[in-house]
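The primary structure of each chain is shown beneath.
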Amino acid sequence: MTLSRKKGPLYLQLKKIIRDRIVHGRYPIGSLIPSEPQLEQEFKVSKMTVRNAIQELQQEGYVLKQSGVGTTVLRNSTSPQMSKGKRFTEILVEQGDRIDKKLISKKVKENRPNDEAYTLFGPSCLCIERLYLLNEEPYIFYEHRLSSDLADQVEWNPGDEFSLYEWMEEQNLVADHYQDQFTVGPLPATVAYELAMQEGEVVLQRHRYTFDEMDRAIEWSIGYYKTRLKPYIVDYRT
């Protein structure tokens with residue numbers, strides 16, 4: 001995977017990728033992340049870029065770099081310690097699972113007047129499709145819809161790792177609140193293919209609506225979950 005200077009400082013891009021891999025269990029707590037030479041080779045960056053990225057991760061408490069040992073993962077949660085809620089993927093990683101994410105497609109779609117996307121975003125929208133893998137098996141398929149004005153800002157290619165919500169913040173799309181709606185329904189053919197399931201199989205679906213402080217929709221996503229692998233978990237704490 002090659003980083004691009006168009007997206008900002010290379011060391012910050014590398015830091016985000018490594019942190020995302022830690023958070024999603026690719027580099028578990030107690031394990032060593034790849035060595036500096038390995039990271040230089042994988043991302044085609046300089047030694048200084050790698051060292052700056054690791055230094056940032058160490059300052060944030062994710063890793064510990066030790067001479068003669070390597071860089072060890074210390075924590076894998078992005079939530080503040082006092083937070084009472086945890087993301088679904090954080091719970092899975094705490095259970096010992098690994099989550100990998102990849103981009104399937106990105107395109108601008110025309111919205112028909114009777115579509116919900118038309119009500120939220122107008123005549124067209126940016127559609128981003130992503131696949132989550134649980135321990136290397138297809139697990140969740142996401143369709144994200146955003147304003148088509150953002151299409152020129154997307155520089156990812158199919159198969160790339162990236163954090164959609166960090167990218168949204170970089171575009172000044174700051175979420176104030178969101179609403180989740182859960183239902184069950186049949187799988188469309190394209191989604192069934194990506195999840196290695198049969199078209200028409202009934203699965204859990206989550207519709208998430210994300211709004212800014214002016215109550216304007218900034219994102220609408222539909223998640224299709226292969227819950228026979230793992231159930232959808234919500235962890236409430238008092």
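Residues numbered from 1 in each chain as written. Predicted model: local features only at pLDDT ≥ 70, side-chain atom pairs only at ≥ 80, totals over all residues. Heavy atoms only, no water.

## Some points on the pairing of strand 4 (residues 124–134)
Alright, step 1. Judged by how many residues are buried, strand 4 sits mostly within the fold: eleven of eleven residues are covered.
Alright, step 2. The two faces of strand 4 match: Ser124, Leu126, Ile128, Arg130, Tyr132 and Leu134 on one face and Cys125, Cys127, Glu129, Leu131 and Leu133 on the other face are all buried.
Alright, step 3. Pairing analysis gives eleven bridges linking strand 3 (residues 99–110) to strand 4, with the strands arranged antiparallel. Note that in strand 4 the partner of Leu103 across the bridge is Arg130.
Alright, step 4. Connecting strand 4 to the next strand, strand 5 (residues 137–147), in antiparallel fashion are two residues, including Asn135 with a positive phi near 50°. (Buried < 20%, exposed > 50% of the residue type's maximum accessible area, 1.4 Å probe, protein only. Helix = DSSP H or I, 4+ residues; strand = E, 2+ residues; numbered from the N terminus. Pairing = 2+ DSSP bridges.)

## Let's talk about the confidence of the model for the protein
Interpreting fine coordinate detail is not advised for predicted regions of low pLDDT.
Alright, step 1. With 95% of its residues at a pLDDT of 70 or more, the protein has an overall mean of 89.
Alright, step 2. The least confident element of the protein is helix 6 (residues 164–170), whose mean pLDDT is 82; the most confident is helix 7 (residues 189–194), at 97.
Alright, step 3. Here residues 80–84 is a poorly scored stretch, pLDDT under 50, and it has three contacts once near neighbours within four places are set aside; other chains count. (pLDDT = per-residue confidence, 0-100. Contact = heavy atoms within 4.5 Å.)

## A word on the sheet that holds strand 7 (residues 202–211)
The strands that make up a sheet pair up through hydrogen bonds in the backbone, lying either parallel or antiparallel.
Alright, step 1. In space, the six strands of this open sheet follow the order 3-4-5-8-7-6, with antiparallel pairing throughout. Edge strands, defined here as strands with exactly one partner in the open sheet, are strand 3 and strand 6 (177–186). Strand-to-strand twist of the sheet, defined as the mean angle between neighbouring strand axes without regard to direction, takes the value 20°. (Axes fitted to C-alpha atoms, helices over the stretch in contact; angles between N-to-C directions.)

## A closer look at the state of the cysteines
Alright, step 1. Per the counting criterion, the structure on display carries zero disulfides.
Alright, step 2. Looking at the unpaired Cys125, the closest cysteine sulfur is the one in Cys127, lying at 6.2 Å.
Alright, step 3. Given a relative accessible area of 1%, Cys125 falls into the buried group. (Disulfide = S-S within 2.5 Å.)

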